[in-house]
Amino acid sequence: MDHKKRLEFFIQFFTCTILVSIRHFDIPDRFSLIIEVPKIEKKMKQIDVNDDRVTVCDDFVIYDWEPGFLDYQWVLVYDEKNLLENNEKPKEISEGKLYPLYKAKNCFYLCILYR
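Residues numbered from 1 in each chain as written. Predicted model: local features only at pLDDT ≥ 70, side-chain atom pairs only at ≥ 80, totals over all residues. Heavy atoms only, no water.

Caption draft 1: Quick peek at the sheet that holds strand β1 (residues 54-57). Strand order in this open sheet of six strands is β1-β2-β3-β6-β5-β4, and the pairing throughout is antiparallel. Two strands in the sheet have a free side with no partner beyond their single neighbour: β1 and β4 (91-93). On average, each strand axis in the sheet is inclined to that of its neighbour by 40 degrees, with strand direction left out of account. Taken together, the seven bridges between strand β3 (residues 72-79) and strand β6 (residues 108-114) define a ladder with antiparallel strand orientation. Its bridge partner being in β6, tryptophan 74 is matched across the sheet by isoleucine 112. Of the strands in this sheet, β2 (60-66), β3, β5 (96-105) and β6 touch helix α2 (residues 27-43), which is tilted by about 95 degrees from β5. (Pairing = 2+ DSSP bridges. Helix = DSSP H or I, 4+ residues; strand = E, 2+ residues; numbered from the N terminus. Axes fitted to C-alpha atoms, helices over the stretch in contact; angles between N-to-C directions. Contact = heavy atoms within 4.5 Å.)

Take a look at the structure:
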């Protein structure tokens, strides 16, 4: 194999590795959480119940994150009591079941909401 083919192979391998890593570790959502959570924290003092993106349910404040299909969607949950921390089981709420994916920040969790 000559130098040009090795370089081409390395570039292709490196690109594929990066793309798989981005997909596997959900980097776009994690990056956008870093930006959006501080904005939502500022809005927490003045929760607008009329806002279509916000649902107050049981002990949680739920923000729409990503629309889902018929029976689920991704949501950002503010959990003041940290009930979702280290919880791998779904949490039953009046809106459905919350499946925590990962912690965005203290008291904020990205979850899947099954209705």
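Caption draft 2: Representation of the state of the cysteines in the model. Under the criterion given, the structure shown has zero disulfides. There is no disulfide at cysteine 111, and the cysteine sulfur nearest it, in cysteine 57, is 12 Å away. Taking the relative accessible area as the measure of exposure, cysteine 111 reaches 0% and is therefore buried. (Disulfide = S-S within 2.5 Å. Buried < 20%, exposed > 50% of the residue type's maximum accessible area, 1.4 Å probe, protein only.)

Caption draft 3: Region of the structure containing unusual backbone geometry. A positive phi is found at aspartate 58, a non-glycine position, where the angle reads about 55 degrees. Topologically, aspartate 58 is positioned in the loop between β1 and β2. Phi is positive for asparagine 82, close to 55 degrees, though the residue is something other than glycine. Tracing the backbone through its elements, the reader meets asparagine 82 in the loop between β3 and β4.

Caption draft 4: Representation of the nonpolar core in the model. Among the nonpolar cores identified, the biggest contains 16 residues, and Leu33, Met44, Tyr63, Leu76 and Phe108 are the most heavily contacted of them. Sorting the residues of this core by element identifies α2, β2, β3 and β6 as the ones contributing at least two each. Leaving out residues up to four positions away in the same chain, tyrosine 63 has contacts with Ile40, Met44, Arg53, Val54, Val75 and Leu76. Residues Val77, Leu84, Leu98 and Leu113 belong to the second largest nonpolar core, which totals eleven residues. (Core = buried A, V, L, I, M, F, W, Y, C linked by side-chain atoms within 4.5 Å.)

Caption draft 5: How the structure looks around the pattern of salt bridges. Taken as a whole and judged by the stated rule, the model has six salt bridges. The shortest N-O distance in the salt bridge between aspartate 59 and lysine 81 comes to 3.6 Å. Taken together, the residues span a long stretch of sequence, with aspartate 59 in the loop between β1 and β2 and lysine 81 in the loop between β3 and β4 at a distance of 22 residues. Relative accessible area serves as the criterion here: at 56%, lysine 81 is assigned to the exposed category. A salt bridge links glutamate 95 to arginine 115; its shortest N-O distance comes to 3.0 Å. With a gap of 20 residues between them, glutamate 95 in the loop between β4 and β5 and arginine 115 in the segment after β6 connect regions that are remote in the sequence. (Salt bridge = Lys/Arg side-chain N within 4 Å of Asp/Glu carboxyl O.)

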